[in-house]
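# Examination of the molecular architecture
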Amino acid sequence: MNRFFERFFNRIGLASQENDIFHQFLREQVLVTLCTKVPLTMGTTLLVASSIVVFLWQFVNHALLLGWYAFVILLSVERIYYAIRGCMYGVQRTLEERYRRFRIEAMLMAFLWAFAAFVFYPEGHLEYELVLALIVIGMAGGGAITLAIDRTLASAYIMLVLPTLALRFLWCGDTLHMIFFVLIMLFMAVFWVSILQLSKILEKGIRQYRELGELRQRLDLIADQAPVGIFYFDRNFVVVDCNKSLTEQIGADRNNILGMNLLALKDQRAVRNIDKVIEEGRVVHYEGPYMTMFSQKELWVSTLFSPLRDPSGAIIGGIGVLQDKTAEHRAMERAEFLAYHDGLTELPNRKLLEDRYRLQIAQASREGYYSALLFLDLDRFKHVNDTYGHNVGDEMLKDTAGRLVEILRQSDTVCRLGGDEFIIFLPMISRDAEESLEHTWQVSRKIHQALAREFDLGGHNLYITTSIGAVLIHGKEEGLDEILRKADIAMYHAKRRGQGITSFYEEEMDRQLRRTIKMEQNLRHAIDREELFLHYQPIIDIDKERLYGVEALLRWRLPDGTMVSPAEFIPVAEESKLIHQIGHWVIEQVCRTLRDLEREGSLDFYYISVNISSKQFGHQGFLDEVLGVVKKYGIDPRQLKFEITESTLMEESEKARELIARFNAEGIGFMIDDFGTGYSSLSYLKQFDFETIKIDKSFIRDILTDEDDVALVRAILDIARQFGYTVIAEGVETAEQKERLKELDRTIFCQGYYYSRPVDLEELLERLRQ
């Protein structure tokens, strides 16, 4: 039977078309709609079927009638059961399977009514014929209307029942029944057209319902996923509905929010003036702090309350929109904080310092108080960053800031200027200059003591010092920029004096700075103007009384003939980084000299030594630069020596050891200059591979009268013998000093005015010829 009806639907060309006509959602809604009507229609069917049994009992074979009735009952019960159990709820069946079964059962019921119309027809009893015809037409029409939402099924239902009845009338053959036949066919045609129209209307309604549902779903999604909390309240300010964002923002369950009266909130700041929304139809806005009632979270919120009106314009409640701006507010607060504070240490920055300085200096000036400003720069902080990384350096800066804050008055200002520089402003110290000066000294001593303590930074135990430049301020004629300039000058003066100390600004520092700036400007053009030149001082083997080596010494003569001391211009060259250019020029001049002397056959000594500064030695690419010059002039690398001081070795000693080893591998040896004046002479002798030790002239000067100097020189000679170093005594000025050194060690070499002052190359060669 199932296959029969499947073939039937295929024949009329409707089964396959349905998949194209109905969307799955539409098919589901049609099926549910039809199934919901089954219990009522089947109840009516059973009642009508029972009436037919009674009505036709006297005309129809009882067994046939009861059999038909039994089929109607079984099919009706089964349809009711399936409609409730399987059709609407879809238990273990696909949509297509449920829909196909519903159609088959509906067509079986149509077949039973068509069978009754044809087989149970009481021919010859006109009144009974009409009653049966009316019942069948009514059941066909009622069934078609019930099934109208599925136009295919409704059409098939009518075409099965009404034509069967019409054929039964035609079977009678008389005129009256022919008229009935025509009337039924006309009724069927009109009714079928009506069913099609009704089906379109119902289908359109379902589609609109679906679209409305989708729209509602989209609106719900928009509301729930909106980045703001949205809620509705009635005229009594009771919350009727809310979206998901509101529950998340205030940290409350939706069930707790619904039914809540806004006027009963503990924190009324966010809903202040909300009554005007209902009473006056106004829009009320609030932005500020709010403490949530459920989660007790402190938020920064923006709320907007607007009246909700019905189509007639009457206010029926209100809409509330809440936006959590806590993160935005904190970011704004942080931005405002960073506008006046340092991001790393959270100390005031220069902008805040300027504001405080302007106000407090004005007050101090009015009341006759002295103030002071200290400029701090951490000594060798770059070494900490380069060795341990910027994270450790940052932690040191934060720890430094904390220590500075601890030792100062509440009215004082600690400011981080940038990098490793800090400013401390001490306003309104005293009306007495001496007291103010003493207080500033005390603060600087506390600073040195505080920073002298060990820094425990992530497993690294470090120490650091600071150089401080201080300025005493009285009156307000000078602005902050000028005071900072003076403090900066004093700070660099402290660094030049040895670091880790405090220097107060003096006018002489300014004059010295101007001289330094002018010297730097002149020094930049000294090479091009050929103002720089070299002098050479011989190094003598005192045992054989012959020339052993030469030290090249840089000199600077200004256009007016004035000589500038190396002690003055070398530090300037180092600070301005001109030392790299000047140092390269010196090495090139020495290599050219060695080449020329070799060509002329005048090279009657073993080497020329060149002094190099720590800046030049630590410059990246220094080795390649030197080797390039040596190769350019084709000299033997062993003819070139470098002299460095112990202080140079103290800066990044591991890198220095590796660099010296690489120079030695190329044949260029190193000497320790001014030996004995450094801090760790003995340890460096063990770590570094030197060729020569040059004893500082301070130990030679009093060697004839001071036995301590004799003992020191003897100790240095013993150490040198242990390590296999040659020794040069600097500052030998008399024959007696030479003889005393010869008594101590005949292998020693001497350098000093006794043999020759530093002279130019021509004079040196002339002396060699003599």
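Before any of the text, the structure's been laid out above.
Residues numbered from 1 in each chain as written. Predicted model: local features only at pLDDT ≥ 70, side-chain atom pairs only at ≥ 80, totals over all residues. Heavy atoms only, no water.

## What to know about the overall build of the chain
Rules: The numbering of helices and of strands both runs from the N terminus, where a helix is a DSSP run of H or I of at least 4 residues and a strand a run of E of at least 2. Atoms counted for the radius of gyration: C-alpha only. Globule rule: 2.2 Å times the number of residues to the power 0.38. Partly exposed describes any residue whose relative accessible area lies between the buried limit of under 20% and the exposed limit of over 50%, with all areas from a 1.4 Å probe on protein chains only and scaled to the type maximum. The contact definition used throughout considers only heavy atoms, calling two residues in contact when any of these lie within 4.5 Å. Residue burial considers only the protein chains on display, and all accessible areas are found by Shrake-Rupley using a 1.4 Å probe. Note on charges: Lys and Arg go in the positive column, Asp and Glu in the negative column, and His and the chain ends are not counted at all. For the purpose of locating charges, the reference atoms are NZ of Lys, CZ of Arg, CG of Asp and CD of Glu.
Helix and strand content of the chain: 29 helices and 21 strands. Taking 27 Å as the expected radius of gyration for a compact globule of 770 residues, we find that the chain reaches 55 Å, considerably beyond that expectation. Each principal axis of the C-alpha distribution contributes one length, and for the chain these read about 170 × 75 × 45 Å. Buried residues in the chain amount to 45% of all 770 residues. Counting contacts in the chain only where the partners sit at least 6 residues apart, residues at least 24 apart contribute 64% of the total. Summed over all atoms, the accessible surface of the chain reaches about 39,500 Å², with 53% contributed by carbon and sulfur. Positive and negative side-chain charges in the chain, numbering 89 and 111 respectively, have mean positions lying 7 Å apart.

## Concerning the packing of aromatic side chains
For the record, the criterion: Pairs were defined over the aromatic rings of Phe, Tyr and Trp, the Trp ring being its six-membered one, requiring ring centres within 6.5 Å. Orientation was assigned from the angle between planes: stacked under 30 degrees, edge-to-face over 60, tilted for the rest. Consider the ring centre and the ring normal. A charge sits over the ring if Lys NZ or Arg CZ is within 6 Å of that centre and within 35 degrees of that normal.
One pass over the structure, following the stated rule, counts 22 aromatic pairs. Here the aromatic rings of Tyr 754 and Tyr 755 are separated by 4.9 Å at their centres, their planes lie at 80°, and the arrangement is edge-to-face. In this structure Tyr 754 comes out as partly exposed when scored by relative accessible area, which is 33%. Owing to a relative accessible area of 19%, Tyr 755 belongs among the buried residues under this scheme. It is Arg 168 that lies over the ring of Phe 118; its NZ or CZ is 5.6 Å from the centre. Residue placement shows Arg 403 over the ring face of Phe 455; its charged tip is 3.8 Å from the ring centre.

## Overview of helix α16 (residues 433-452)
Applicable threshold: Take the residue count of a helix, subtract one, and multiply by 1.5 Å to get its expected span. The directions considered for the arc are those from the helix axis to the C-beta atoms. As used in this structure description, the phrase polar contact means that two N or O atoms lie within 3.5 Å; if the pair is within protein, one of them must be able to donate a hydrogen and the other to accept it, and residues adjacent in sequence are counted only when both atoms belong to side chains.
The first and last C-alpha atoms of α16 sit 29 Å apart over 20 residues, in line with the 28 Å expected at 1.5 Å per residue. Here α16 has its buried residues at Ser 436, Thr 440, Val 443, Ser 444, Ile 447, His 448, Ala 450 and Leu 451. Down the axis of α16, the buried set is contained in an arc of 165°. They therefore lie on one face. Relative to its buried face, α16 has exposed residues pointing more than 90 degrees away, namely Glu 434, Glu 435 and Gln 449. On its buried face, α16 sits against β6 (370-378), α15 (390-406), β8 (421-430), β9 (455-457), β11 (466-474) and β12 (502-504). Backbone nitrogen of Glu 434 and a side-chain oxygen of the N-cap are separated by 3.1 Å at the start of α16; the cap is Asp 432.

## A word on the sheet that holds strand β3 (residues 284-291)
Strand pairing in a sheet relies on backbone hydrogen bonds, with the paired strands running either antiparallel or parallel. Cut-off, in case you're wondering: At least two bridges found by DSSP between two strands are what make those strands a pair. To get an axis, fit a line to the C-alpha atoms, keeping to the stretch in contact for a helix; angles then go from 0 to 180 degrees between the N-to-C directions.
Spatially, β2-β1-β5-β4-β3 is the arrangement adopted by the five strands of the open sheet, whose pairing is antiparallel. Each having just a single partner strand, β2 (239-242) and β3 make up the two edges of the open sheet. Averaged over all pairs of adjacent strands, the angle between their axes in this sheet comes to 25°, without regard to strand direction. By the bridge criterion, three bridges tie strand β1 (residues 229-234) to β2 in an arrangement that is antiparallel. Each bridged residue has a counterpart across the sheet, and for Phe 233 the counterpart in β2 is Val 239. In the packing of helix α12 (residues 326-340) onto the sheet, the strands contacted are β4 (298-309) and β5 (315-324), and the crossing angle to β4 comes to about 130°.

## Some words on empty space enclosed by the protein
We apply this condition: Here a cavity denotes grid points, spaced 1 Å and computed from the protein atoms alone, that fit a 1.4 Å probe unable to get out, and a pocket denotes an open set having protein on both sides within 12 Å along at least 5 of 7 lines; residues with an atom within 4 Å of a point are the lining. Grid points are joined across faces, edges and corners, and a volume is the space filled by probe spheres set on the points. Under this grouping Gly is polar, as are all residues other than the nonpolar Ala, Val, Leu, Ile, Met, Phe, Trp, Tyr, Cys and Pro and the charged Asp, Glu, Lys and Arg.
Under the criterion given, the structure shown has one cavity of 30 Å³ or more. For the largest cavity, the calculated volume is near 190 Å³. Among the secondary structure elements, those contributing two or more residues to the lining of the largest cavity are α9 (244-250) and β4. A breakdown of the residues in the lining of the largest cavity according to their chemical character gives 15 nonpolar, two polar and no charged.

## Regarding unusual backbone geometry
With glycine set apart, most residues show a phi of negative sign, and most peptide bonds adopt trans. In this model, Met 428 sits at a positive phi of 50°, which is unusual for a non-glycine residue. Note on placement: Met 428 falls in strand β8. A positive phi is found at Glu 545, a non-glycine position, where the angle reads about 50°. Its place among the elements puts Glu 545 in the loop between β13 (532-541) and β14 (546-557).

## Some details on the sheet that holds β8
Here we have five strands laid out as an open sheet, ordered β7-β8-β6-β11-β12, and mixed in their pairing. Edge positions in the sheet fall to β7 (413-418) and β12, since each has one partner strand and no second. This sheet shows a mean twist of 20° between the axes of neighbouring strands, independent of strand direction. Note: β6 against β8, seven bridges, orientation antiparallel. Looking across to β8, one finds that Tyr 370 is bridged to Ser 430. Relative to β11, helix α17 (residues 480-496) is tilted by about 140°, and along the sheet it contacts β6, β8, β11 and β12.

## Some thoughts on the pairing of strand β19 (residues 692-695)
Along β19, one buried face is formed by Thr 692 and Lys 694 and the opposite face, lined by Ile 693 and Ile 695, is buried too. Summarising the sheet, strand β18 (residues 669-675) and β19 pair through three bridges and their orientation is parallel. Residue pairing for β19: Ile 672 is matched across the bridge by Ile 693. By the bridge criterion, four bridges tie β19 to strand β20 (residues 726-730) in an arrangement that is parallel. Looking at β20, one finds that Thr 692 is bridged to Thr 726.

## What about the layout of surface pockets?
Of the volumes computed, that of the second largest pocket is approximately 750 Å³. Every element with two or more residues in the lining of the second largest pocket is listed here: α17, α18 (507-523), β15 (563-564) and α19 (566-575). If you tally residues by element for the lining of the second largest pocket, the top one is α18, at eleven residues. Class assignment of the residues belonging to the lining of the second largest pocket gives a composition of 14 nonpolar, six polar and twelve charged.

## Points about the packing of helix α6 (residues 126-146) against helix α7 (residues 151-172)
Note the following rule: Angle categories: roughly parallel below 35 degrees, roughly antiparallel above 145, roughly perpendicular from 65 to 115, and oblique for all the rest. Crossing chirality is assigned from the near helix's rotation relative to the far helix, an anticlockwise turn below a right angle marking it left-handed and a clockwise turn marking it right-handed.
In contact at an axis separation of 8 Å, α6 and α7 are set at 165° when each is read in the N-to-C sense. For the element pair α6 / α7, the angle class is roughly antiparallel. Crossing geometry of α6 relative to α7 is assigned as left-handed. Residues Ala 133, Val 136, Ile 137, Met 139, Ala 140, Gly 143 and Ala 144 of α6 lie in contact with α7, whose contacting residues are Ala 154, Tyr 157, Ile 158, Val 161, Leu 162, Leu 165 and Phe 169. In terms of residue class, the contact of α6 with α7 is built from 13 nonpolar, one polar and no charged.

## Quick word on α17
Note on helix geometry: an α-helix contains 3.6 residues per turn, so any two residues three or four positions apart are oriented the same way. Under the 1.5 Å per step criterion, the end-to-end length of α17 is 24 Å for 17 residues, consistent within 8% with the ideal 24 Å. Within the sequence span of α17, burial applies to Leu 480, Ile 483, Leu 484, Lys 486, Ala 487, Ile 489, Ala 490, Met 491, Ala 494 and Lys 495. Tucked into the core, α17 has its buried residues touching α13 (350-367), β6, β8, β11, β12 and α18. Just downstream of α17, Gly 498 is the residue with a positive phi angle, here 135°.

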